[in-house]
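# Secondary and tertiary structure notes
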Amino acid sequence: MSWIWSILAGFAAGALGAMGMGGGGILVIYLTLALSVPQLEAQGINLIFFLPCAVISMLINGKRKLIDWKSAWKLVAGGLPATLLGFWIAGKMETRWLSIFFAVFLLAVGVKELFAKEKKEEGNEGKKDGEAQ
Amino acid sequence: MSDKKETGKAILGGSLVGVLNGMLGAGGGMIAVPLLKKLGLRQTNAHATAVSVIFPLTLLTTVLYLVTDKVELGATGLYLLPGAAGALLGGLLLAKIPGKWLRKIFACFMIWAGIRMMMKK
């Protein structure tokens, strides 16, 4: 029955990923914890997986004019060379340490998100956004 | 904030997103969304924009993983179709739901998974 879980994990990861909510975490967590896939391979699977999900999300939300391309390109400009650095670091690290680093990152983000206070105005603006379509 | 300063901040923050993407193959969005909000984007726009930031970075990292044989293209097969269905739903829902409760549930899940991962082996 494990294929049902795989489908559910893929579905959840795709949905959260397309919302820019860290769906990548779900698939890596599922692969490493439930299926015991090695950390680096799980990360690789997640990377490939994210590409079509991102294209779908960008098509939908680009059409809705929700994407701020100007800001996006600034982040990408800084991000591309740094990606090489991150990849190089991952290659130097032992798999065990890499998964511990991943776990620490999950914990930090989880705690931050859990205790983050939402500003009311943002919620309202979001609504306006939705109505404007 | 001056335009120059803001651009510098965006590029610096973007490089952190890149390091995470290359190193962990995930997690860039968790940095990109708050960063984009700091740059003045609304919540919904920040989420939508984060995806388009991570896409080119992921493309680069994927190529690196593939050419160094860290992963095979076929390994993802099983997850692609449900993932695409999920992405369609997620993409359509993005502007519709507040997402607050979803983020809180996901936060609990991340904490649980982080502890499990540390205890593994």
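Residues numbered from 1 in each chain as written. Chains lettered and ligands numbered in written order. Predicted model: local features only at pLDDT ≥ 70, side-chain atom pairs only at ≥ 80, totals over all residues. Heavy atoms only, no water.

Scanning chain B for helices and strands turns up five helices and zero strands. Secondary structure elements in chain B, listed N-terminal to C-terminal, are α-α-α-α-α. Along the three orthogonal principal directions, the C-alpha set of chain B runs to about 45 × 35 × 30 Å. Looking at chain B as a whole, 54% of its 121 residues are labelled buried. Across chain B, the fraction of contacts at a sequence separation of at least 24, relative to all contacts at a separation of at least 6, is 51%. For chain B, the exposed surface amounts to about 5,500 Å²; the carbon and sulfur share of it is 70%. Charge separation in chain B, taken as the distance between the mean sites of 14 positive and 4 negative side-chain charges, equals 15 Å. (Helix = DSSP H or I, 4+ residues; strand = E, 2+ residues; numbered from the N terminus. Buried < 20%, exposed > 50% of the residue type's maximum accessible area, 1.4 Å probe, protein only. Contact = heavy atoms within 4.5 Å. Areas by Shrake-Rupley, 256 points an atom, 1.4 Å probe, with all protein chains shown as cover. Lys, Arg positive; Asp, Glu negative; His and termini not counted. Charge placed at Lys NZ, Arg CZ, Asp CG, Glu CD.)

Applying the stated rule across the entire model yields one salt bridge over all chains. When the shortest N-O distance is used, the salt bridge between B:Arg103 and A:Glu113 registers 3.9 Å. Remark: A:Glu113 occurs in helix 5 (residues 95–115) and B:Arg103 occurs in helix 5 (residues 100–119); the pair is interchain, linking two chains. We classify B:Arg103 as buried; its relative accessible area is 8%. (Salt bridge = Lys/Arg side-chain N within 4 Å of Asp/Glu carboxyl O.)

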